[in-house]
2 protein chains.
Amino acid sequence: MSKPSLPQGTRDFSAAVVHKRNYILQTIQKVFELYGFQPLETPAMENLETLMGKYGEEGDKLIFKILNNGLDNPAKQDATTAAFDKVLAGKSSKDITERALRYDLTIPFARYVAMNHAQLTMPFKRYQMQPVWRADRPQKGRYREFYQCDADVVGSSSLLNELELTHIYASVFEKLKLPVEIRINSRKILVALATVCGGADKMIDITVAIDKLDKIGIEKVKEELSGRGLNVVQIATIEKYLQISGSNAEKINQLTALIGEVPEGVDGLQEINTLLEHFTAFPNVNLVADFTLARGLNYYTGIIFEVKALGVSMGSIGGGGRYNDLTGLFGVKDIPGVGISFGVDRIYDVLEELNAFPETIQSSTKVLFFNTGATESASAFLLLQELRNRGIAAEIFHENLKFDKQFKYAEKKNIGYVVIIGENELAAGTCVVKNLTTGTQETISREALLTYLF
Amino acid sequence: MSKPSLPQGTRDFSAAVVHKRNYILQTIQKVFELYGFQPLETPAMENLETLMGKYGEEGDKLIFKILNNGLDNPAKQDATTAAFDKVLAGKSSKDITERALRYDLTIPFARYVAMNHAQLTMPFKRYQMQPVWRADRPQKGRYREFYQCDADVVGSSSLLNELELTHIYASVFEKLKLPVEIRINSRKILVALATVCGGADKMIDITVAIDKLDKIGIEKVKEELSGRGLNVVQIATIEKYLQISGSNAEKINQLTALIGEVPEGVDGLQEINTLLEHFTAFPNVNLVADFTLARGLNYYTGIIFEVKALGVSMGSIGGGGRYNDLTGLFGVKDIPGVGISFGVDRIYDVLEELNAFPETIQSSTKVLFFNTGATESASAFLLLQELRNRGIAAEIFHENLKFDKQFKYAEKKNIGYVVIIGENELAAGTCVVKNLTTGTQETISREALLTYLF
């Protein structure tokens, strides 16, 4: 028997980690619900055709496909061989695989809305917190199974939704006591920039190049722009655009000078202004106009968001934006929407690094009853059940072993109190209770124990 | 664009369903924690070799295997063709698939314990609530993705664990207000029966046949026993065993007459007696000795459990048992354990049928602010944020539309209160609040609203 192991890029989560992750997820969930968002859960598996072609060529390669069952049926072998040939030729064949694992939560959501839009109350506000799977090369901080945590509104073009989502971000990170900067830009401003630099058709080239600024730096971005056919004057304009800096107001002034003549630019600037103006102050959260923000995904059409944790070196811990026509991918047109996502794994790492998880979330057993023999245990068991009925997590040690072993169990499980009912206590209707934090110990009546522990 | 659809046997869960499912899961989770169990989460994917051969031949066929990525790499084609040939020959090849989806929670738990036993505090009590996947033919009540919900204790042979698990069952179903019968038997009694009927080596034959009693009836069970080589006298003994009936005490008396001479029988009877004797009364829960209970899985060695809902026609909604050596599958011997499982989907269906979900679990937005224009909305937004800060779920309608449209949105989302701040209210510092349940409406100050809604 070879030693068991986990697939590369996957993890077991032990109790301490589950408690911390749930603290993050529940904080986000509560805020989502305060803002009128309702939960949705979609299956881990989607039809392959639902996913393929939605994430670009690179994304398609990272989708985990599920082998059809029954391939070992000899009657089917000829057909199956032909099907394998198709897979070998680079085409996935339905005879081999027709299902795949969820790659993100956005496309399943779009699929759900396309299937159910007639029944949904619009604007439809949903949140979704589920794992996704990607066949990425595993590395530090990058896993093949990880949680996404999204909120989207569809069926509304109102900028109020962007304002609400900005406040959801702020409220969550305020509750998590995690200082952040929410960065916003608008794809309309990027369209305006492209218009100024030789035409709106350059928009995607410019966006793709700008999106790499953080990783490759300004010189490489200029090389990339040149490679994508932009001339020296156009590249100079883009460089000027990327160098815009200062306070929100200063940046907006500089940008207005650059693209303020283009209608899309005017629109985009007005949106940014509105959000900045109506953003409520949060002590630990800044809202910042960041015109270097581009976001890779092509479906964004309006405001785009990104969240950076302050004081730690970590990529974005959240992002999102407005899209005009996501369900159009599934044949249902004209349902505009806007959404945001939380990077739960990165938020976890940041909270860990800042030592910002509250101690109270490590819920454990509060009381351990020692096992001192069958008769005593039977009596202890009744008291134990009374504690549980009152909501106190309690256990009885499984065997009548030496006290030091029972103490050791209590220590390892971080249990606060030990209760001992020996022969004498049983006869007297009392129990010995020991506080393992302070070390104090006293003998009290069984009734008194019920109040003692509150 | 073809209409999007879901893979067979999978489901989307909308908000109303998610709330109901979470009510069940959270009820179970709270009880698990009251009893000192701590959470574990394992990845959706396991190495194929971790799962294969653990669920019997039929089970192996129902495991969803994941296609390796990069199969469309031309450089690999020769090797890949050979690998596909192996799959066609009925052997899964590592070149095609080396990962699979979790089929249950027990084997991943055993794998986890085998990998981590040196670090775990024994007895190790874990609970796990996660989806599993099976390529079963979908039918009413049977899905390809469904939740399992398990609690196991490993590292202890004490019957106290069985007693605790029995009470976990009772406590959960009591809290869910679902009348149930918990049925218990012991594999030791089945060993004793086999001993009486021609030898302990007949144990598996007898167990497999008895396990089908509910589905195929006594006559077919007898045919099956005959087919498995048991003679007329032996079959008559088994029939007598299966006809044992009456109260717990009466059944135990009849069984004692039948197998009370066999040491395993004595052991098994004593275990059953102990559990019955120490079981605390719950108004809606009966604990019943049921000697026809067999449970299909071969790894059980002691007490076995099954839970049936009373008053509805539905298979078991829970089951489990003691096993001596589950981690032995992964090379780590001598870690005995016992576990139970909750059938969440079936519990859901039963609660639905009995109309037993509490109304309060359908949490929704409590207050909708009407949108009466940009200036009023900006002012309403500040009040809205104050409500949210006080924990009240609230929304503002996304656009300044006619009131009937805004009312309709509130109705559809089952929102309790509407707040209107028009031009006059804005000037006066007041708001109109309408209770949509009672229809009453009044104009109050903005400050008064904050207390009005509690």
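Note that the structure is a prediction, hence the values are computed from the model and not measured.

Caption draft 1: Here's a closer look at the overall build of chain A. For chain A, the helix and strand inventory stands at 17 helices and 16 strands. Taken against the 2.2 N^0.38 rule, which gives 22 Å for 454 residues, the C-alpha radius of gyration of chain A at 29 Å runs more than 25% over that of a compact globule. For the C-alpha atoms alone, the extent of chain A along its principal axes is close to 95 × 70 × 45 Å. Contacts spanning at least 24 positions in sequence make up 68% of the contacts within chain A whose residues lie at least 6 apart. Only carbon and sulfur atoms are counted for the fraction: they give 49% of the accessible area of chain A, which is about 19,100 Å². Put simply, chain A has 50 plus and 55 minus side-chain charges, and the middle of one group is 3 Å from the middle of the other.

Caption draft 2: Just the relation of the copies chain B and chain A, in detail. Take chain B, turn it by 180°, move it 0.0 Å along the axis, and it overlays chain A with an RMSD of 0.0 Å. In short, the pair behaves as if placed about a two-fold rotation axis. Residue Ile66 of chain B of chain B places its C-alpha closer to the rotation axis than any other residue of that unit, at 2.2 Å. Comparing interface residues between copies, 100% of those in chain B also sit at the interface in chain A, which points to an isologous, same-surface contact.

Caption draft 3: Seen up close, the interface of chain B and chain A. With 98 residues of chain B in contact, the opposing surface of chain A contributes 99 residues. At the boundary of chain B with chain A, total buried surface from both sides reaches about 8,400 Å², with 59% on carbon and sulfur atoms. The tally of links from chain B across to chain A stands at six salt bridges. Counting across the chain B and chain A interface gives 34 residue pairs in polar contact (both at pLDDT 80 or more).

Caption draft 4: The arrangement of the sheet that holds strand S7 (residues 180–186) of chain B in detail. All names here are of chain B. Pairing is mixed in the open sheet, where eight strands are placed in the order S1-S5-S6-S11-S10-S9-S7-S8. Both outer strands of the open sheet, strand S1 (38–39) and strand S8 (285–289), are each paired with one neighbouring strand and no more. As judged from the 10 bridges shared by strand S5 (residues 124–133) and strand S6 (residues 145–154), these two strands associate in the antiparallel manner. Its bridge partner being in S6, Arg126 is matched across the sheet by Asp152.

Caption draft 5: The arrangement of a positive patch on the surface in detail. On the surface, a cluster of positive charge is made up of Lys402, Lys405, Lys408 and Lys412 of chain A. In this structure, Lys402 of chain A sits in the loop between strand S13 (394–396) and helix H15 (403–412).

Caption draft 6: How the structure looks around the confidence of the model for chain A. Residue and element names in this part refer to chain A. Within chain A, residue pLDDT values average 92, and 94% of them lie at 70 or more. Of all secondary-structure elements in chain A, the lowest mean pLDDT belongs to helix H4 (residues 77–88), at 60, while strand S5 (residues 124–133) reaches the highest, 98. For this predicted complex, the interface confidence comes out at an ipTM of 0.91, alongside a pTM of 0.93.

Caption draft 7: View of the packing of helix H7 (residues 187–196) of chain B against helix H10 (residues 232–242) of chain B. Residue and element names in this part refer to chain B. Their axes nearest at 9 Å, the elements H7 and H10 cross at an angle of 150°. It follows from the interaxial angle that H7 and H10 lie roughly antiparallel. At the point where H7 passes H10, the crossing takes the right-handed sense. Residues Ile189, Leu190, Leu193 and Val196 of H7 pack against Thr237, Ile238 and Tyr241 of H10.

Caption draft 8: How the structure looks around the pairing of strand S16 (residues 441–445) of chain B. All names here are of chain B. With five bridges joining them, strand S15 (residues 430–435) and S16 adopt antiparallel strand pairing. Paired with Val432 across the bridge in S16 is Thr443. The loop that links S15 with its antiparallel partner S16 comprises five residues; one of these, Gly439, has a positive phi angle of about 85°.

Caption draft 9: Fine view of helix H8 (residues 203–211) of chain A. Turning to H8 of chain A, its buried residues are Met203, Asp205, Ile206, Thr207, Ala209 and Ile210 of chain A. In the core, the buried residues of H8 of chain A are packed alongside helix H7 (187–196), helix H9 (213–227) and helix H10 (232–242) of chain A.

Caption draft 10: Summary view of the domain arrangement of chain A. Each assigned domain of chain A is listed here: domain 1 (15–64 + 103–353) and domain 2 (363–452). Each of domain 1 of chain A and domain 2 of chain A has a C-alpha centre, and the two are 53 Å apart.

Caption draft 11: Quick peek at the environment of Ser377 of chain B. Residues and elements named next belong to chain B. Checked against the element boundaries, Ser377 lands in helix H14 (residues 374–389). Classification of Ser377 by relative accessible area gives buried; the value is 7%. Once residues within four sequence positions are removed from consideration, Ser377 is found in contact with Asn371, Thr372 and Ile396.

Caption draft 12: Just the pattern of salt bridges, in detail. All names here are of chain A. Enumeration according to the criterion identifies 46 salt bridges over all chains in this entry. Among the salt bridges present, the one from Asp345 reaches Arg11, with a minimum N-O distance of 2.9 Å. In this pair, Asp345 is assigned in helix H13 (residues 344–353) and Arg11 in the segment before helix H1 (15–34), connecting sequence segments 334 residues apart. A network of salt bridges, in which partner residues are shared, links Asp205, Lys212, Glu224 and Arg228.

Caption draft 13: Inspection of the packing of aromatic side chains at higher detail. Tallied over the full model, the rule gives 38 aromatic pairs over all chains. Note on Phe397 of chain A and Tyr409 of chain A: the rings are 5.3 Å apart at their centroids and 75° apart in plane angle, and the pair reads as edge-to-face. On the criterion of sequence distance, the pair formed by Phe397 of chain A in the loop between S13 and H15 and Tyr409 of chain A in helix H15 is long-range, its members being 12 residues apart. Judged by its relative accessible area of 4%, Phe397 of chain A falls in the buried class. The exposure class of Tyr409 of chain A is buried, given its relative accessible area of 3%. Their ring planes at 40° and their centres at 6.4 Å tell us that Phe32 of chain B and Phe37 of chain B sit as a pair that is tilted. Since its relative accessible area comes to 0%, Phe32 of chain B is described here as buried. Over the ring of Phe13 of chain A we find Arg21 of chain A; its NZ or CZ atom is 4.1 Å from the centre of that ring.

Caption draft 14: Fine view of the sheet that holds strand S2 (residues 45–47) of chain A. Ordered in space as S2(A)-S4(A)-S3(A)-S3(B)-S4(B)-S2(B), the six strands form an open sheet in which the pairing is antiparallel. Two strands bound the open sheet, and with one partner strand each, they are S2 of chain A together with strand S2 (45–47) of chain B. Adjacent strand axes in the sheet meet at a mean angle of 45°, parallel and antiparallel pairs treated alike.

Caption draft 15: Here's a closer look at the pairing of strand S11 (residues 337–342) of chain B. Residues and elements named next belong to chain B. Of all six residues making up S11, six are buried, and the element is well covered by its neighbours. By the alternation rule, side chains of S11 split into Gly337, Gly339 and Ser341 and Val338, Ile340 and Phe342, which are all buried. Pairing geometry for strand S10 (residues 318–323) and S11, over six bridges, is antiparallel. From the neighbouring strand, Gly320 faces S11, where its bridge partner is Ile340.

Caption draft 16: Looking closely at the side chain of Asn47 of chain A. Take Asn47 of chain A: it is sitting in strand S2. Beyond its immediate sequence surroundings of up to four residues, Asn47 of chain A is in contact with Glu98 and Arg99 of chain A together with Ser5, Leu6 and Pro7 of chain B.

Caption draft 17: Up close: the nonpolar core. By size, the foremost hydrophobic cluster in this structure holds 99 residues, and its most contacted members are Phe369 of chain A together with Tyr241 and Phe342 of chain B. Broken down by element, the residue count for this core peaks at eight residues, all from helix H6 (residues 160–175) of chain B. If you look at the next biggest cluster of nonpolar residues, it comprises 97 residues, including Leu176, Ile235 and Met314 of chain A together with Val367 of chain B.

Caption draft 18: Inspection of the packing of H9 of chain A against H10 of chain A at higher detail. All names here are of chain A. Running from N to C, H9 and H10 point in directions that differ by 160°, and their axes come no closer than 9 Å. Viewed along their axes, H9 and H10 adopt a mutual orientation that is roughly antiparallel. Two packed elements cross with a definite hand, and for H9 against H10 that hand is right-handed. From H9, Leu213, Ile218, Val221, Lys222, Leu225 and Ser226 reach across to H10, where they touch Ile235, Ile238, Glu239 and Leu242. Split into classes, the residues belonging to the contact of H9 with H10 amount to seven nonpolar, one polar and two charged.

Caption draft 19: Examining the side chain of Asp205 of chain A more closely. All names here are of chain A. With respect to the helices and strands, the residue Asp205 is situated in helix H8. Within the structure, the side chain of Asp205 is placed 2.8 Å from the side chain of Arg228, a separation counted as a polar contact. Those residues within four positions of Asp205 in sequence are excluded, and the remaining contacts are Leu225 and Arg228.

Parameters and conventions
Residues numbered from 1 in each chain as written. Chains lettered and ligands numbered in written order. Predicted model: local features only at pLDDT ≥ 70, side-chain atom pairs only at ≥ 80, totals over all residues. Heavy atoms only, no water. Helix = DSSP H or I, 4+ residues; strand = E, 2+ residues; numbered from the N terminus. Rg over C-alpha atoms; globule rule 2.2 N^0.38 Å. Contact = heavy atoms within 4.5 Å. Areas by Shrake-Rupley, 256 points an atom, 1.4 Å probe, with all protein chains shown as cover. Lys, Arg positive; Asp, Glu negative; His and termini not counted. Charge placed at Lys NZ, Arg CZ, Asp CG, Glu CD. Least-squares fit on C-alpha atoms with pLDDT ≥ 70 in both. Buried area = accessible area lost by both parts, 1.4 Å probe. Salt bridge = Lys/Arg side-chain N within 4 Å of Asp/Glu carboxyl O. Polar contact = N/O pair within 3.5 Å; in protein donor to acceptor, adjacent residues only side chain to side chain. Pairing = 2+ DSSP bridges. Patch = residues over 30% accessible without salt bridge, like charges linked within 9 Å, V, L, I, M, F, W, Y side chains within 5 Å. pLDDT = per-residue confidence, 0-100. Axes fitted to C-alpha atoms, helices over the stretch in contact; angles between N-to-C directions. Parallel < 35°, antiparallel > 145°, perpendicular 65-115°, else oblique. Left-handed = near helix turned anticlockwise from the far one by under 90°. Buried < 20%, exposed > 50% of the residue type's maximum accessible area, 1.4 Å probe, protein only. Domains from an automatic or database assignment. Phe/Tyr/Trp six-rings, centres within 6.5 Å; stacked < 30°, edge-to-face > 60°. Lys NZ or Arg CZ within 6 Å of the ring centre and 35° of its normal. Core = buried A, V, L, I, M, F, W, Y, C linked by side-chain atoms within 4.5 Å. Nonpolar A, V, L, I, M, F, W, Y, C, P; charged D, E, K, R; others polar.

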